[in-house]
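Summary of the model geometry
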Amino acid sequence: MSLTGSYTAGGGGGTQTYSNATDYTISDNATVDSPITVSGRTGNAPTNASVTVAIVHTYQGDLKVDLVAPDGSLYNVHNRTGGSADNVNKTVTFNLSTEPLNGTWKLRVNDNAAGDTGYINSWSVTF
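Residues numbered from 1 in each chain as written. Predicted model: local features only at pLDDT ≥ 70, side-chain atom pairs only at ≥ 80, totals over all residues. Heavy atoms only, no water.

1. Describing the environment of alanine 21
The condition is simple: Each helix is a run of H or I in the DSSP string that is no shorter than four residues. Each strand is a run of E no shorter than two, and both are numbered from the N terminus. A contact between two residues is defined here by any heavy atoms of the two lying within 4.5 Å.
For alanine 21, the position within the fold is in the loop between strand 1 (17-20) and strand 2 (24-26). Along the chain, alanine 21 and serine 122 lie 101 residues apart, while their C-alpha atoms are 4.2 Å from each other. Beyond its immediate stretch of four places on either side in the chain, alanine 21 contacts Asn121 and Ser122.

What follows is the structure in C-alpha cells.
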C-alpha cells in the first residue's frame with residue numbers, strides 16, 4: 001500500500017491537491033475507506049473544496065460514496081443513483097469551512113447490494 005500526495009500551485013494563495021491512487025477493493029455489501037493524511041497546513045478548509053473520485057464498479061446504483069472529514073463528518077459524493085451504469089467518475093464541490101485542514105480525510109464507499117464489485121481507482125481533495 002502506498003499513499004501519494006501531490007502539490008498543485010493554484011490561484012487563491014496556495015491551493016493544494018492531495019491524492020490517493022492506491023486501489024481499494026469494493027466488495028459486495030461492504031464498506032471500504034481510502035485515506036489521505038493532510039499535515040502542515042493552518043486553518044480550516046475553504047468554502048469551495050473539491051473532491052474528485054474515480055471508482056470502477058459494474059453497478060453504480062449499489063454505491064454510496066462519502067467524504068469523511070477528520071472529525072467524522074460526512075459529505076455525500078454519490079448516493080445510489082445511476083442504476084446499472086458502470087463506474088463513478090465525478091468532481092463535487094463542498095463547503096468545508098468548519099473543518100480543520102489537518103488530519104486524515106477518507107473516501108468511504110459502501111456497496112449496498114450483491115452481484116457487482118469493483119474498486120476505488122483513485123481520489124483527490126483540493127483545498
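2. A few points about the side chain of aspartate 111
The cut-off we apply is this: Only protein chains enter the area calculation, which uses a 1.4 Å probe; residues under 20% of their type maximum are buried, those over 50% are exposed, and those in between are partly exposed. Just so you know, the count uses Lys and Arg for positive and Asp and Glu for negative, and it drops His and the chain ends. Salt bridges are counted wherever a side-chain nitrogen of Lys or Arg sits within 4 Å of a carboxyl oxygen of Asp or Glu. Counted as a polar contact is a pair of N or O atoms within 3.5 Å, where, for protein atoms, one must be capable of donating a hydrogen and the other of accepting one, and residues adjacent in sequence contribute only when both atoms are in side chains.
Topologically, aspartate 111 is positioned in strand 8 (residues 103-111). Buried and unpaired, aspartate 111 has arginine 80 as its nearest opposite-charge partner, separated by 7.2 Å. Polar contacts involving the side chain of aspartate 111 include one to the main-chain amide nitrogen of alanine 113, which spans 3.0 Å. Excluding anything up to four places from it in sequence, aspartate 111 contacts Ile26, Ser27, Asp28, Asn29, Ala30, His57, Asp62, Leu63 and Asp116.

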